[in-house]
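Overview (structure and organization)
Below are the chains, spelled out letter by letter.
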Amino acid sequence: MIDLRSDTVTRPTPAMRKAMAEAEVGDDVWGDDPTVLRLQEMAAAMVGKEAALFVPSGTMGNLSAVLAHCHERGSEVIVGDESHIFQYEADGVSVLGGVGMHTVPTADNGELPLAALSKAVRADDQHCPRTSLVCIESSHNRCGGCALSLEYMRSLKSWADDLGLPVHLDGARVFNAAVALGVDVTAITELVTSVQFCLSKGLGAPVGSIVAGPKPFIARVHRLRKMLGGGMRQVGVLAAPGLLSLTESTKRLQDDHDNALLLAKGLASCPHIDIRTDLVHTNIVIFNLRDSCPLTAKDFIPLLQQHGVLIIPFRGGMRAVTHYDVSTEQCEQALQVMLSLLNEAESHAKHVSKYAMTNGTSLIGPEAKTVKGY
Ligand SMILES: Cc1ncc(COP(=O)(O)O)c(C=O)c1O
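Residues numbered from 1 in each chain as written. Predicted model: local features only at pLDDT ≥ 70, side-chain atom pairs only at ≥ 80, totals over all residues. Heavy atoms only, no water.

Using the residue numbers shown here, the UniProt feature "domain: Aromatic amino acid beta-eliminating lyase/threonine aldolase" (unreviewed entry) corresponds to residues 3-287. When the span residues 3-287 is considered, its composition is 42% helix and 16% strand, and the gap between its end C-alpha atoms is 17 Å. (UniProt positions renumbered as here; feature names shortened; annotations may be inferred. Helix = DSSP H or I, 4+ residues; strand = E, 2+ residues; numbered from the N terminus.)

Have a look at this one:
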């Protein structure tokens, strides 16, 4: 199988497995696991923040960060309507923190336009929730992995600073964003108050995320992590591959981006495929089948699986994600499988429609999609 469902399907490298076996551990709830302490120090330094905390998942990282910023119940966080926090994190900030989510429309390139943000900020009035935080995402998962430009992030920072609002970055794949922009990751993270990033996605560690920010903020995140059940004991075994994800995996992300672009450009060459190649900045490729295609995404995904390629349904279309467990050759192979299945479906549909017309029924157009076998 060529597994392009997500960059979370990567398996720990042999070096990571060795590091896990040999990791020095302590009890991290007591703060004496040396490997975790090392990981947190390195992570904070890499993103240029005062402190960092190792948490079990990106979801817990975002949740504890939002709650640490919005410490009053009845606060409101402004988020994009396509953000992971709004779409996929089970509304944890409202359920567990009494924090409302105020959504603004997300632009195609992942930006939250400043005009929309300004409209979303509440008046300082007893009737209103208290606007306490803005969350952004880069690279942006549902916007096809695009990276927010530094220009946009600078304008957002200056807008937020004027209002005294902190900005939290859901940077699950912030190292991918940095590679796409051709900058050190600190060029991105210096423009936000806090950041969450995952060690377990494109960076290939089996588990874990980091929350980084100012020391008093991280102290609040630490307490929240405990409250949420995320205090882990002899967890150096998981911090050890995390260290390698920072020192080694961050260096090879361009390969994944090149493979994603190869896939995206190849898909764009097919007239049945609708894709925004201009938004393929990193390792995520979102695409759909046009109405002209005899297949729908619903038909295409299981058909691909039968031919050894795994992708997932996404935003009404499909998503393929490249990572270190798929080589360039495998991406080329996956592309060929996709293109030839679409070709085959087209010839089949033409054949059937010709047959149907000679028999008095038309199978051109949407009905052709239901042709048996596809
Ligand atoms: C942008 C983004 N943020 C946060 C998360 C959550 O991470 P986790 O699955 O580790 O909870 C994901 C997961 O895919 C993500 O894509």
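Residue placement: Glu 82 occurs in the loop between strand 3 (75-80) and helix 4 (84-88). Along the backbone, Glu 82 and Leu 304 are 222 residues apart, and their C-alpha atoms lie at a distance of 27 Å. Filtering out sequence-adjacent residues up to four positions away, Glu 82 remains in contact with Gln 87, Thr 106, His 140, Arg 142 and Arg 315. A distance of 2.6 Å separates polar atoms of two side chains, one belonging to Glu 82 and the other to Arg 142. (Contact = heavy atoms within 4.5 Å. Polar contact = N/O pair within 3.5 Å; in protein donor to acceptor, adjacent residues only side chain to side chain.)

All right, on to the side chain of Thr 131 then. Tracing the sequence through the fold places Thr 131 in strand 5 (residues 130-137). Within the local environment of Thr 131, its side chain forms a polar contact with the backbone nitrogen of Arg 122, the two atoms lying 2.9 Å apart. Ignoring anything within four residues of it in the chain, the contact list for Thr 131 reads Glu 76, Ile 78, Ala 120, Val 121, Arg 122 and Leu 165.

Attention now moves to the packing of helix 1 (residues 14-22) against helix 11 (residues 236-247). Between helix 1 and helix 11, the shortest axis-to-axis distance is 8 Å and the interhelical angle comes to 145 degrees. Between helix 1 and helix 11 lies a crossing of right-handed hand. Of the residues in helix 11, those in contact with Ala 15, Met 16, Ala 19 and Met 20 of helix 1 are Val 237, Leu 238, Ala 240, Pro 241, Leu 244 and Ser 245. Partitioned by chemical class, the residues of the contact of helix 1 with helix 11 number nine nonpolar, one polar and no charged. (Axes fitted to C-alpha atoms, helices over the stretch in contact; angles between N-to-C directions. Left-handed = near helix turned anticlockwise from the far one by under 90°. Nonpolar A, V, L, I, M, F, W, Y, C, P; charged D, E, K, R; others polar.)

Right, let's get into the sheet that holds strand 3. If you trace the seven strands from one edge of the open sheet to the other, you get 2-8-7-6-5-3-4, paired in mixed fashion. In this open sheet, the two strands that pair with only one neighbour each are strand 2 (51-55) and strand 4 (100-104). Neighbour-to-neighbour, the strand axes of the sheet open up by a mean angle of 20 degrees, direction not taken into account. Inspection of the sheet shows strand 5 paired to strand 6 (residues 167-170) by four bridges, in the parallel sense. Across the sheet, the residue bridging to Ile 136 is Leu 169, located in strand 6. Most of the contacts of helix 2 (residues 34-46) go to strand 2, to which it runs at about 130 degrees, and overall it touches strand 2, strand 7 (194-198) and strand 8 (209-213). (Pairing = 2+ DSSP bridges.)

If a residue is not glycine, its phi is most likely negative; likewise, a peptide bond is most likely trans. With omega at -5 degrees, the peptide bond leading from Ser 138 into Ser 139 counts as cis. Among the structural elements, Ser 139 can be located in the loop between strand 5 and helix 7 (150-163). Phi angles above zero are rare outside glycine, and Asp 91 is one such case at about 55 degrees. Looking at where Asp 91 falls in the secondary structure, it is placed in the loop between helix 4 and helix 5 (92-97). For Asp 91, a relative accessible area of 34% corresponds to the partly exposed category. The backbone of Arg 315 shows a phi angle near 50 degrees, a positive value even though the residue is not glycine. Along the chain, the position of Arg 315 falls in the loop between strand 12 (312-314) and strand 13 (317-321). (Buried < 20%, exposed > 50% of the residue type's maximum accessible area, 1.4 Å probe, protein only.)

Our focus in this paragraph is the site of the ligand. If you check the shell around the ligand, you find Ser 57, Gly 58, Thr 59, Asn 62, His 84, Glu 89, Glu 137, Asn 141, Asp 170, Ala 172, Arg 173 and Lys 201 and nothing else. Here an oxygen atom of the ligand sits 2.9 Å away from a polar atom, N or O, in the main chain of Gly 58. Between the ligand and Lys 201 there is a distance of 2.9 Å, counted from an oxygen atom to a side-chain nitrogen or oxygen. When the free accessible area of the ligand is taken as 390 Å², the share hidden by the protein chains comes to 82%. Counting residues per element, the shell around the ligand draws most heavily on helix 3 (residues 58-69), which supplies three residues. A per-class count over the shell around the ligand returns one nonpolar, six polar and five charged. (Near = heavy atom within 4 Å. Areas by Shrake-Rupley, 256 points an atom, 1.4 Å probe, with all protein chains shown as cover.)

Now for the UniProt feature "modified residue: N6-(pyridoxal phosphate)lysine" (unreviewed entry) in the protein chain. Under the UniProt annotation, the feature "modified residue: N6-(pyridoxal phosphate)lysine" (unreviewed entry) is placed at Lys 201. Among the structural elements, Lys 201 can be located in the loop between strand 7 and strand 8. In this structure, Lys 201 is in contact with Asp 7, Thr 8, Thr 10, Ala 172 and Arg 173, ignoring residues within four places of it in sequence.

This paragraph deals with the domain arrangement of the protein chain. For the protein chain, the domain assignment lists domain 1 (12-247) and domain 2 (252-370). The distance between the C-alpha centroids of domain 1 and domain 2 comes to 33 Å. Listed per partner, the contact involves 23 residues of domain 1 and 16 residues of domain 2. Buried surface at the junction of domain 1 and domain 2, both sides included, amounts to about 1,600 Å², of which 55% is carbon and sulfur. Between the two partners, domain 1 and domain 2, sit two salt bridges. Here the element with the most residues in the side of domain 1 that touches domain 2 is helix 8 (residues 174-181); it accounts for five residues. Of the residues assigned to the side of domain 1 that touches domain 2, the class counts are 10 nonpolar, nine polar and four charged. (Domains from an automatic or database assignment. Buried area = accessible area lost by both parts, 1.4 Å probe. Salt bridge = Lys/Arg side-chain N within 4 Å of Asp/Glu carboxyl O.)

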